[in-house]
Amino acid sequence: MNRQNRYVVEAHAYTQRSKKLEWNRLDLVRRATLDLAAEEIDRHQILGEIAEVGVFQGDFAVDLNRVFPHRKFFLFDTFSGFHQNDIEKEQKRGFSDGKQDFSQTSVDLVKGRLLFPHQAQFRPGYFPQTALGLENENFCFVSLDTDLYDPIIEGLRFFYPRLSPGGFIFVHDFHNDQYPGVRAAVEEYALENPISYLPIPDIGGSVVIRKPMG
Ligand SMILES: C[S@@+](CC[C@H](N)C(=O)[O-])C[C@H]1O[C@@H](n2cnc3c(N)ncnc32)[C@H](O)[C@@H]1O
């Protein structure tokens, strides 16, 4: 059993006992790590907005918006599931079949869940095209959770140069054997750019990238 699966099993067992939440929505490690990163960002008064690429129904977006109530929040998703361009590249490189269905969502559904919806700037459509026009923005926190190689590496290429010193990028699914393209994208970006990352034992097996304080 790999690390990711061990945590999945533990979280599932916990949820069976608590009978409250679906196991995949209960990711206490991911949420607690986010809370601590947000504290760091606030304590050091790190400037910039926040963003998530890969929102689906907004489970993590709700937490991002909760811990950063005073920051503009850019939400990127097709809101209709994986894009055919990405699926084709994914299959060609033998990463995943791209068959998981993420179509059951909408901008209104996610907006209705946010505590501070006035901060939300939805960018529906195909990322990175939906980032056009945001070249002059700066970010203190970004969540990349698109599962597939192409939008992960494009996300790193777009956001890392615009990340404030001391800011964070969380990349979900780095240790998820179902989506090996995520790890490939991070490792490829790290070969070409001076980034380092810390694995965390959340359900997706995320890695946390932090830009040096400068
Ligand atoms: C695993 S789900 C996101 C889960 C969400 N972050 C959460 O915590 O519940 C992945 C999402 O990425 C989106 N996605 C993948 N590739 C994309 C792309 N190139 N452009 C926009 N959205 C994309 C999919 O539509 C899907 O909703």
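Shown above is the structure to which this text applies.
Residues numbered from 1 in each chain as written. Predicted model: local features only at pLDDT ≥ 70, side-chain atom pairs only at ≥ 80, totals over all residues. Heavy atoms only, no water.

(A) Layout of the overall build of the protein chain. The number of helices and strands found in the protein chain is seven helices and seven strands. Ordered by position from the N terminus, the helices and strands of the protein chain form the series α-α-β-α-β-α-α-β-β-α-β-α-β-β. Partitioning the intrachain contacts of the protein chain with sequence separation of at least 6 by distance along the chain shows that 72% fall at a separation of at least 24. Just so you have it, the protein chain exposes about 10700 Å², and 52% of that area is on carbon and sulfur atoms. (Helix = DSSP H or I, 4+ residues; strand = E, 2+ residues; numbered from the N terminus. Contact = heavy atoms within 4.5 Å. Areas by Shrake-Rupley, 256 points an atom, 1.4 Å probe, with all protein chains shown as cover.)

(B) Spatial organisation of the sheet that holds strand E6 (residues 197-199). Taking strand neighbours across the sheet as the criterion, the seven strands line up as E3-E2-E1-E4-E5-E7-E6 in an open arrangement whose pairing is mixed. Looking at strand neighbours, the two that pair on one side only are strand E3 (120-124) and E6, the edges of this open sheet. Along the sheet, successive strands turn relative to each other by an average axial angle of 15 degrees, direction set aside. Bridging between strand E1 (residues 49-53) and strand E2 (residues 73-77) involves four bridges; their strand directions are parallel. Bridge pairing in E2 links Val53 to Phe76. (Pairing = 2+ DSSP bridges. Axes fitted to C-alpha atoms, helices over the stretch in contact; angles between N-to-C directions.)

(C) Main features of the pairing of E2. For E2, the buried fraction is high: five of the five residues fall into the buried class. The side-chain alternation of E2 yields two buried faces, one formed by Phe73, Leu75 and Asp77 and the other by Phe74 and Phe76. On the question of chirality, the crossover connecting E1 to the parallel E2 by way of helix H3 (residues 59-67) is right-handed. As judged from the five bridges shared by E2 and E3, these two strands associate in the parallel manner. Its bridge partner lying in E3, Phe73 is registered against Ala120. (Buried < 20%, exposed > 50% of the residue type's maximum accessible area, 1.4 Å probe, protein only. Right-handed = clockwise from strand over helix to strand, strands pointing away.)

(D) Up close: the site of the ligand. In the region of the ligand, 20 residues are neighbours, and Gly54, Asp77, Asp86, Phe127 and Asp145 sit closest. With respect to the ligand, the backbone of Gly81 contributes an N or O atom lying 3.4 Å from an oxygen atom. The side chain of Asp86 places a nitrogen or oxygen atom 2.8 Å from a nitrogen atom of the ligand. Burial of the ligand by the protein chains amounts to 94% of its free accessible area of 610 Å². Tallied by class, residues from the shell around the ligand come to eight nonpolar, five polar and seven charged. (Near = heavy atom within 4 Å. Polar contact = N/O pair within 3.5 Å; in protein donor to acceptor, adjacent residues only side chain to side chain. Nonpolar A, V, L, I, M, F, W, Y, C, P; charged D, E, K, R; others polar.)

(E) Focus on the nonpolar core. Phe76, Leu144, Leu156, Phe159, Ile169 and Val171 are the most contacted members of the largest nonpolar core, which has 35 residues in total. At the level of elements, E1, E2, strand E4 (139-144), helix H6 (149-159), strand E5 (163-171), helix H7 (180-192) and strand E7 (207-210) are the ones that each hand at least two residues to this core. A total of six residues in this core trace back to one element, the largest contributor, which is H6. Core analysis: the second largest hydrophobic core is formed by 26 residues, Ala61, Val62, Ala120 and Cys140 among them. (Core = buried A, V, L, I, M, F, W, Y, C linked by side-chain atoms within 4.5 Å.)

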